[in-house]
2 protein chains.
Amino acid sequence: MKYKSLSAMALAIAGVSFAFSEAHAAQISSPSGSIVLNAEVVDSIPVYSVNYKGKPVILPSKLGFELADGPDMMDGFSLISTSTSSFDETWNPVWGENKNIRNNYNELLVKLDQPRCYRKMNLRFRVYDDGIGFRYEFPQEGVLTYFIIKEEHSQFAMAGDHTAWWIAGDYDTQEYDYTESRLSEIRSKMSEAICSNASQTLFSPTGVQTSLQMKTDDGIYINLHEAALIDYSCMHLNLDDKNMVFESWLTPDAQGNKGHMQSPCHTPWRTVMIADNACDILASNLILNLNEPCAYDDTSWIKPVKYVGVWWEMIAGPQEWSYTSDVPSVKLNKHDYTALKPHGKHAANNANVRKYIDFAAEHGFDQVLVEGWNIGWEDWFGHSKDYVFDFQTPYPDFDVDALNSYANSKGVKLMMHHETSASVRNYERHMDAAYKFMEKHGYNAVKSGYVGNMLPRGEHHYSQWINNHYLYAVTEAAKHKIMVNAHEAVRPTGLCRTYPNLIGNESARGTEYEAFAGNKPFHTTVLPFTRLQGGPMDYTPGIFDMDMKEVNPDGNGHVNSTIARQLGLYVTMYSPLQMAADVPEVYNRFMDAFQFIKDVAVDWDESKYLEAEPGRYIVAARKAKGKNDWFIGCTANEDGHSSDLKLDFLDADKKYEATIYADADDAHYATNPQAYKITKKKVNSKTRLKLKAAPGGGYAISIKPIN
Amino acid sequence: MKYKSLSAMALAIAGVSFAFSEAHAAQISSPSGSIVLNAEVVDSIPVYSVNYKGKPVILPSKLGFELADGPDMMDGFSLISTSTSSFDETWNPVWGENKNIRNNYNELLVKLDQPRCYRKMNLRFRVYDDGIGFRYEFPQEGVLTYFIIKEEHSQFAMAGDHTAWWIAGDYDTQEYDYTESRLSEIRSKMSEAICSNASQTLFSPTGVQTSLQMKTDDGIYINLHEAALIDYSCMHLNLDDKNMVFESWLTPDAQGNKGHMQSPCHTPWRTVMIADNACDILASNLILNLNEPCAYDDTSWIKPVKYVGVWWEMIAGPQEWSYTSDVPSVKLNKHDYTALKPHGKHAANNANVRKYIDFAAEHGFDQVLVEGWNIGWEDWFGHSKDYVFDFQTPYPDFDVDALNSYANSKGVKLMMHHETSASVRNYERHMDAAYKFMEKHGYNAVKSGYVGNMLPRGEHHYSQWINNHYLYAVTEAAKHKIMVNAHEAVRPTGLCRTYPNLIGNESARGTEYEAFAGNKPFHTTVLPFTRLQGGPMDYTPGIFDMDMKEVNPDGNGHVNSTIARQLGLYVTMYSPLQMAADVPEVYNRFMDAFQFIKDVAVDWDESKYLEAEPGRYIVAARKAKGKNDWFIGCTANEDGHSSDLKLDFLDADKKYEATIYADADDAHYATNPQAYKITKKKVNSKTRLKLKAAPGGGYAISIKPIN
């Protein structure tokens, strides 16, 4: 029944399009010809469709807008002109998976007008060999100057009931476990796909988030996302699960409107990645390529960071961000903390921070994150509190000057932490002073956070006005040569190309959830297909003590991973910002395995995806920046994974030694996660490596040339 | 019928209160005993009432709150304790109508609890000889820490169908003409009381604003307002016009909530001024006395200001704030204004500003306001535009450095102008830089504006979060020794005592409306009773060219005033900030009358209200700060006014010369507004002056000792 109706719909729309003359349609192919895009005006409605190697990937799909302050832009369009162009350029990111990125596309510009409203609207399509992007452009012509979007109605009509890896559409959180299901099953699986969050606003029983990874029954991988989300609301997707048509669903503001526009302007790019090999989806640079080049003249101050931090003992253990139990509620700067009795669980204290500094210095880490260093944590969250932090006043047992001096004397930096409690006006009021405080004390990177409901009240984490704030925080930080790693902010859409001091985001369910309720074992086999398409994630891998007894002897939580997989994540989860998240006491017990975390690079000349299947496994190989060292990582789902790796990416004339950190034969993420074996082996470009990842396991390999 | 039902209600409630034992009630009198306040708990509801000289002024009125996040605080209260205290202090304002202000009251603190919710709430009443104030206090006891107010239900039960001078209750504007009517007529007169405004949100057919001036049939003047509005939403009044009971009606936020509270905290003071002489209402310092003392250690930089400005020619004439017609819409800092064609009507140009500087220097003015000096005015308003101004970039024809140098060389300062277009995030983002820009260029005062709908969208001009912004702008300005005159901000509530760099507000229908559609002739006989209770207004008097032909030869508007009244307003409309709003060309034609504006003081040692009746006339006399000069002003409604003034406030042992600027016998605001006569006369403390104000007229007198 389902397929029948889909086919009927496709035929119906196709039937209409046949009736139109060529003047109403245009076609463009990707450079290799593998992807073909059609754009036309059907019954006065703009429609596009996409084929891949002759198969329909996007069936004819309508494009348009409902406006809140004028007649809609859903129909009444006529085609003025079409034009095409080509682009081929190789550019170099400030940091990234590859030192060279090729940006090669054919472009189709479709100029439309809506004569009854005297409006103009253009559609710009870029067709790559690994997918397409399109955006709406509103020229400063006609009468459309200021307008308010009630909803964007961009359709993505699927050609079948694909398998999807999805999380629930939400205006305020992305921290959900993924569900693998048919599109037609989304509705029935929605309630079990949702867990509670500090701020969450679901909107539809078939609403999902981007980046959405799908696979067709005939083996085509399709990924829907967006690129260059600037001055616009974040796009979700709502599924018409009778016809398998996704439609854009923007995040509203406090008044329910979804976009305040001023022409000339354009939407972000709506993207469709397409490949018949899952590795090609992971290797795609489509999102980055659709972003603008770097906006900064000087990027010498932007450097990848490997760090440890005062964090896991609060997340997984009984330690606290707060300092005292003496104040039932905090009015910032009204309390003399030095006169209050410490509750004794404040982790950001001088002795503990020094311990981390010593550990970082001994093992070559760049920075030490310290959360809970500043006053206000006693009731920081859940009260819609405006003046919640000042980002400048330390607790009495955190000596900013002394600790930074101590760290600097050992070649280490402290990493700043700015939890905002989603009180963005308060953060903006203190931002300049907070950044100056960082400069004064030698900090050059900040982890920021937006936990809880938004202030201004009624706004959402992903609405246009708040998205504007996140970018403001990044560009203001750049004025102080500060790198930003924003948690709970809107999901990334490749803006790190333009603003490379945005070195990380959370915007998904990270390792912290292993301490809260656990992540599904397949979680890290999905994230690189979805969340990581837009930019790096501060996933904070490196947990070795899976039962977390070191930080919480009384706890009964469990991290759904093996140690070997935790190592593999440093390669599979690309990020220029990598944490070793467990505590020094644990690493000291597993120093042989910890060696991989010490060795692994955080910036790369080249990346290869060797084996991949969403929800199953990922194997990535990367060549360290400016070196001949290679690192390989694998993560597997609960079924484990057997690899057969060809090392043909190694230099044919070089010899190497590989150190292999693998799951022991009896390793298992649930029952035996700490069983690993480390072996060394001579390898070269002809070597084939057969390796096994345990259920919920993985492996890691470092390969170094032998001199 | 009306009176019958009122009396019945009064008796009914009084009957209930008789039944209660003394433990549930408390009574307190004003220092002289003229005002008596009762507070009691009736049927578990807090109730208060007020008598004046034995007559009921506030009938038993309930107090309470609806909460958005918990059980209401409307009943279930019991009285824990009552206590009384007295206070008598004389303090000196930084600037004001009087150099000495006596703050003398008896206080009653009523401690309540709401046992079923484990909550505590206190009521603090202060009883003065000229009225009462009360506020709710939420101690940090019991379980009430964070809570959200859905509505405050403070009643003000009137004892009759009084005459009132009112404007429509509105969350976003106060710029309405006053209506004089019985309370019972408010509903029927509401629609004609409303005119359109750039941002307006009416809420009830019987909703009115504070300060609300009333008069009983037996000659008691009652005024309802609030004092010390900090971290709370602005209170309006909604009338139950069957029972003549006003009830508080707060301004909501974007989610419809009306207050986010964190104990310990309190509401602003709710005030009831009471007198049987209208002059005593004008002379009352109740609102100031209920505010906290000055928050600044150093106030030497705060100085009253008399100014002219580049303004009236845009308000009343065809000149423009904008520079060019070349850009259909502005994207700030994306246009090179030097390459755009000026439209030739930009008033803030170097030559014109120099003309004003010359005029100010010649006639002893302190400052020259220049509006429209900065880029962005081409489409600054009505588009819910976020990045609308940067407050730092001048138009090409406004040379900031040269004009400030020129002004300074002549002993004059330029006055800064920050129109925000109600985009408060944008203003806050630029605020520090904008204030620094002012410091750098020698500005020490700013006129700010909040025209149009608020950003963050959904917030209102008078909601808690935005009120917080206005005060933030003032306290941040103080860090740069900058004085603030904020237009379209929330109505003042005496905060200028605590923050005396808040030297002015608009918050009412000012002179500009004379150019738009005219103010009712009685307007300035009402404002001192209402709007000015909370603090000074930048009313911008001094218009001499009532048909505005000098600035707009083709216009047909008319200012509803005589010239003599325009002079009188400099005395009747107390403000430490006074503009001479007409253009130099006009003043040059009336230099004899203009002399009064040059002479009149802007700060005072002593003020006397000699004759007053709301909506009819006001005569005020004030002694210049640190001098023996007195100035008298009169404003009258369309009936004119006959004065019989006793000058017994003059020193008995001194002789004086009075210069009287009076309406000519045939003067009339509508038909002959420029007819005035200036006479000089020797006067002393025994002199009686009989003077006549024409319809819509007035007079002004300067009295100087003869050496």
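Owing to the predicted nature of the structure, the values given are computational and were not obtained by experimental measurement.

**Student:** Tell me about the overall build of chain A, residues and numbers included.
**Tutor:** Broken down by element type, chain A carries 14 helices and 36 strands. A compact globule built from 707 residues would reach a C-alpha radius of gyration of about 27 Å, and chain A, at 25 Å, matches this within 12%. In terms of its C-alpha atoms, chain A occupies a principal-axis envelope of roughly 75 × 65 × 50 Å. Put simply, chain A has 707 residues, and 66% of those count as buried. Taking as baseline every contact in chain A between residues at least 6 positions apart, the subset at least 24 positions apart corresponds to 72%. Seen as two clouds, the 68 positive and the 89 negative side-chain charges of chain A have centres 3 Å apart.

**Student:** Requested: an account of the relation of the copies chain A and chain B, with residues and values cited.
**Tutor:** At an RMSD of 0.0 Å, chain A and chain B line up after a rotation of 180 degrees and a shift of 0.0 Å along the axis. On the angle and the small slide along the axis, the relation comes out as a two-fold axis.

**Student:** Hey, could you go over the sheet that holds strand β11 (residues 155–158) of chain A for me, with residue numbers and the actual values?
**Tutor:** Residue and element names in this part refer to chain A. In space, the eight strands of this open sheet follow the order β1-β2-β3-β4-β11-β18-β17-β14, with antiparallel pairing throughout. Edge positions in the open sheet fall to β1 (25–29) and β14 (207–208), since each of these has one partner strand only. Bridging between strand β2 (residues 35–42) and strand β3 (residues 45–52) involves eight bridges; their strand directions are antiparallel. Looking at the pairing, V41 lines up with P46 of β3.

**Student:** Describe the interface of chain A and chain B, with residues and values.
**Tutor:** The interface is formed by 32 residues belonging to chain A together with 32 residues belonging to chain B. Both sides of the chain A and chain B interface together cover about 2,900 Å² of buried area, and 48% of this is carbon and sulfur. Viewed at the interface, chain B and chain A are joined by two salt bridges. The tally of links from chain A across to chain B stands at 27 residue pairs in polar contact (both at pLDDT 80 or more). Of all the secondary-structure elements, those providing two or more residues to the side of chain A that touches chain B are β19 (259–262), α8 (424–441) and α9 (464–479) of chain A. Class assignment for the residues of the side of chain A that touches chain B results in ten nonpolar, twelve polar and ten charged.

**Student:** Go over the packing of helix α12 (residues 563–572) of chain A against helix α14 (residues 591–599) of chain A, please, and point to the residues and values.
**Tutor:** All names here are of chain A. It is the contact of α12 with α14, at a shortest axis distance of 10 Å, that shows an interaxial angle of 10 degrees. Classed by the angle they form, the pair α12 and α14 counts as roughly parallel. Judged by residue contacts, I563, L567, Y570 and V571 of α12 engage A593, F596 and I597 from α14. The residue makeup of the contact of α12 with α14, split by class, is seven nonpolar, no polar and no charged.

**Student:** Summarise unusual backbone geometry; cite the residues concerned and give the values.
**Tutor:** Apart from glycine, the bulk of residues carry a negative phi angle, and the bulk of peptide bonds sit in the trans form. All names here are of chain A. With an omega of -5 degrees, the peptide bond running from T210 to S211 counts as cis. For S211, the position within the fold is in the loop between β14 and β15 (212–215). Phi is positive for A422, which is not a glycine, with a value near 65 degrees. For A422, the location among the structural elements is in the loop between β24 (413–419) and α8.

**Student:** Tell me what's going on with the pattern of salt bridges, and back it up with residues and numbers.
**Tutor:** On inspection of all chains with the given rule, the structure shows 71 salt bridges over all chains. Across the pair D276(B) and K53(B) runs a salt bridge whose closest N-O atoms are separated by 2.8 Å. In this pair, D276(B) is assigned in the loop between β21 (269–275) and α3 (278–283) and K53(B) in the loop between β3 (45–52) and β4 (55–62), connecting sequence segments 223 residues apart. With a relative accessible area of 38%, D276(B) lands in the partly exposed category. A salt bridge links K355(B) to E585(B); the shortest N-O distance between them is 2.7 Å. Placement of K355(B) in helix α6 (residues 350–363) and of E585(B) in helix α13 (residues 584–589) is noted, with a sequence separation of 230 residues between them. Residue class for K355(B) comes out partly exposed when judged on its relative accessible area of 27%. Members of the salt-bridge network, linked through shared partners, are E107(A), R124(A), R126(A), R135(A) and E137(A).

**Student:** Just give me the short version of the environment of E378(B), but keep the residues and values in it.
**Tutor:** All names here are of chain B. Residue position: E378 is located in the loop between β23 (367–370) and α7 (400–409). Separated by 58 residues in sequence, E378 and E320 place their C-alpha atoms 9.3 Å apart. When residues no more than four places from it in sequence are discounted, the contact partners of E378 are S322, Y323, T324, V327, V330, Y337 and Y395. For E378, the side chain forms a polar contact with the main-chain nitrogen of T324, separated by 3.3 Å. Polar side-chain contacts of E378 include one of 2.9 Å to the side chain of Y395.

Definitions and limits used
Residues numbered from 1 in each chain as written. Chains lettered and ligands numbered in written order. Predicted model: local features only at pLDDT ≥ 70, side-chain atom pairs only at ≥ 80, totals over all residues. Heavy atoms only, no water. Helix = DSSP H or I, 4+ residues; strand = E, 2+ residues; numbered from the N terminus. Rg over C-alpha atoms; globule rule 2.2 N^0.38 Å. Buried < 20%, exposed > 50% of the residue type's maximum accessible area, 1.4 Å probe, protein only. Contact = heavy atoms within 4.5 Å. Lys, Arg positive; Asp, Glu negative; His and termini not counted. Charge placed at Lys NZ, Arg CZ, Asp CG, Glu CD. Least-squares fit on C-alpha atoms with pLDDT ≥ 70 in both. Pairing = 2+ DSSP bridges. Buried area = accessible area lost by both parts, 1.4 Å probe. Salt bridge = Lys/Arg side-chain N within 4 Å of Asp/Glu carboxyl O. Polar contact = N/O pair within 3.5 Å; in protein donor to acceptor, adjacent residues only side chain to side chain. Nonpolar A, V, L, I, M, F, W, Y, C, P; charged D, E, K, R; others polar. Axes fitted to C-alpha atoms, helices over the stretch in contact; angles between N-to-C directions. Parallel < 35°, antiparallel > 145°, perpendicular 65-115°, else oblique.

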